[in-house]
Amino acid sequence: MPPDEYPAHSCPVCEGHTWQPLHRKNGFRYFRCTSCRLEITWPLPTEAQIADYYKSQTEKASYAVRVNYPREDSVHRKIAEWVISLNGGKAPQTILDVGCLDGRLLDIFKEKGATTYGIEIQSDAAAIAGKKHDGRISNGTIEQFAEKNEGQRFDVVTAIGVIEHVPDPVSFLKTIRRLISSDGLLVLQTPNTSSSLHSIMGSHWPPYVPIEHIYLFSARNLAMLLDKCGFEMTECKNHWKWLQIEFFYLMTELFMPFAYKLLRPIVPRLPEAVKTMSVPLYSGEMLATANPVSGYKRTLDSKGKYWLYT
Ligand SMILES: [Zn+2]
């Protein structure tokens, strides 16, 4: 492979420069950092490509399926119950959901008494969430939100299926670090390249979606990135998603066409009570929590650099 086709920049997690080519997909190629095993899409999608992609996804495809299927909230309900259990059984006073889509995770926290805030890059979804959350939803990026809300702090920050989408995950986490209370809790959900499904499915693993999924993490390199950005990972577990059967079927059309073909003669004919039953599904994703760390802390690289987090 010609050297100019390799990623031109260093690894955002470990700052290594050596990349191993993986497979091609839709005009892009995935590479793996030979040092920390972070996987990246190359070339990185441009801002215009990302904007066009999300616009098309909102009009049809996966975001439209989610927004048009508001009765599916079991996956978010399970996450909310887990976060509340980590918070001593009570809802946090304030929660910021980054990439909140139509506000369905925030709906559950609001119901439990939290003051809810959200950030969403897709304007149509942000407008729907804004109506339900008294205008406390910002349409834009987390960096734009932090600039407008300097000094504001949140008890819990959630980013469910978001960090794999952002072009600069270091800036993303460092900005969250500025927005989280000193004893706050960060909850991340993202595909896990150290999962057994990733090993079994190889290039057919559903999270390989160029433009949408730019960086793919393992449990280890996610912990390294959190460390670099002022957090300490406290827990990381496989994420079993509880999804309604009909919703899962609609998503397979986009992410697993082979499964959609198998299910198409069956699911539409099922009785309504069966279609809306929730079942636990695993597609190789992880749920991680982290706490902010204050003061000076040594990075994991060998250069002996010190970073100030406070
Ligand atoms: Zn690396």
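Keep in mind that what you see is a predicted model, and the values were worked out from it rather than measured.

Calculation rules
Residues numbered from 1 in each chain as written. Predicted model: local features only at pLDDT ≥ 70, side-chain atom pairs only at ≥ 80, totals over all residues. Helix = DSSP H or I, 4+ residues; strand = E, 2+ residues; numbered from the N terminus. Buried ≥ 20, exposed ≤ 12 C-beta atoms within 10 Å, placed from the backbone. Contact = placed C-beta atoms within 7 Å. Pairing = 2+ DSSP bridges. Right-handed = clockwise from strand over helix to strand, strands pointing away. Expected span 1.5 Å × (residues − 1). Arc of directions from axis to C-beta. Axes fitted to C-alpha atoms, helices over the stretch in contact; angles between N-to-C directions. Core = buried A, V, L, I, M, F, W, Y, C linked by C-beta atoms within 7 Å. Parallel < 35°, antiparallel > 145°, perpendicular 65-115°, else oblique. Left-handed = near helix turned anticlockwise from the far one by under 90°. Nonpolar A, V, L, I, M, F, W, Y, C, P; charged D, E, K, R; others polar.

Q: In this structure, what is going on with the overall build of the chain? I would like to understand it.
A: Of the regular secondary structure elements, the chain holds twelve helices and 13 strands. By the burial criterion, 37% of the 310 residues in the chain qualify as buried. Sequence separation of at least 24 residues holds for 66% of the intrachain contacts in the chain that already meet a minimum separation of 6.

Q: For this particular structure, what's the right way to read the pairing of strand β8 (residues 180-191)?
A: For a regular strand, the rule is simple: side chains alternate between the two faces of the sheet. Among the twelve residues of β8, nine are classified as buried, and the element is accordingly described as predominantly covered. Looking at chain direction, strand β7 (residues 154-160) and β8 are connected through six bridges and run parallel. Its bridge partner being in β8, Ala159 is matched across the sheet by Leu188. This β-α-β element, β7 to helix α7 (residues 169-179) to β8, shows right-handed connectivity. Sheet analysis places β8 next to strand β11 (residues 278-292), joined by six bridges and oriented antiparallel. Considered in β11, the bridge of Thr190 is made with Met286.

Q: Can you walk me through the environment of Phe145 in this structure?
A: By secondary structure assignment, the location of Phe145 is in helix α6 (residues 142-148). Separated by 30 residues in the primary sequence, Phe145 and Thr175 place their C-alpha atoms 9.4 Å from one another. Ignoring anything within four residues of it in the chain, the contact list for Phe145 reads Ile119, Ser138 and Gly140.

Q: Whenever I open this one, helix α3 (residues 74-86) confuses me. Can you help?
A: Working note: α-helix, 3.6 residues per turn, so residues spaced by three or four point in the same direction. If you check α3, its first and last C-alpha atoms are 19 Å apart, about what 13 residues at 1.5 Å a residue would give, namely 18 Å. Within α3, burial applies to Val75, His76, Ile79, Ala80 and Val83. For α3, the angular spread of buried residues about the axis comes to 130°, placing them on one side. Structural note: α3 exposes Glu81 and Ser85 on the side pointing more than 90 degrees away from its buried face.

Q: Would you mind going over the environment of Ile160 with me for this structure?
A: Of note, Ile160 is situated in strand β7. Taking the C-alpha atoms as reference points, Ile160 and Leu188, separated by 28 residues in sequence, lie 5.6 Å from one another.

Q: Looking at this structure, how should I read the pairing of strand β3 (residues 39-42)?
A: Pairing of strand β2 (residues 28-33) with β3 involves four bridges; the strand directions are antiparallel. Its bridge partner lying in β3, Phe31 is registered against Ile40. Between β2 and β3, which pair antiparallel and follow one another directly, the connecting turn spans five residues, one of which, Arg37, has a positive phi of 70°.

Q: Explain the sheet that holds strand β6 (residues 137-139) to me, please; I cannot follow it from the model alone.
A: Consider a sheet: its strands pair through backbone hydrogen bonds, and that pairing is either parallel or antiparallel. With mixed pairing, seven strands are arranged side by side in an open sheet as β6-β5-β4-β7-β8-β11-β10. Of all strands in the sheet, those with a lone pairing partner are β6 and β10 (231-244), marking the two edges. When strand polarity is set aside, the average angle formed by the axes of neighbouring strands in this sheet is 20°. With respect to the sheet, helix α5 (residues 123-132) is in contact with β5 (115-120) and β6, its orientation differing from that of β6 by roughly 165°.

Q: Would you mind showing me how to read the nonpolar core here?
A: General note: in soluble globular proteins, nonpolar side chains tend to be found buried as a group. In this structure, Val157 and Leu186 are the most contacted members of the largest nonpolar core, which totals 67 residues. Excluding residues that lie within four positions of it along the chain, Leu186 makes contacts with Val157, Ile176, Ile180, Phe231, Thr289 and Ala290.

Q: Explain the packing of α3 against helix α4 (residues 104-111) here, please?
A: The interhelical angle for the contact between α3 and α4, taken along N-to-C directions, is 50°, at an axis separation of 9 Å. Relative to α4, α3 is oriented oblique. When you trace α3 past α4, the crossing you get is right-handed. Across the interface between the two elements, His76, Arg77, Ile79 and Ala80 from α3 touch Arg104, Leu105, Ile108 and Phe109 from α4. A breakdown of the residues in the contact of α3 with α4 according to their chemical character gives five nonpolar, one polar and two charged.

Q: Where do I start with α4 in this structure?
A: Every buried residue belonging to α4 is among Arg104, Leu105, Leu106, Ile108 and Phe109, and all of these are buried. Against α3, β4 (94-98), β5, α5 and β7 lie the buried residues of α4. Looking one or two places after α4, you find Gly113, whose phi comes out positive at around 105°.

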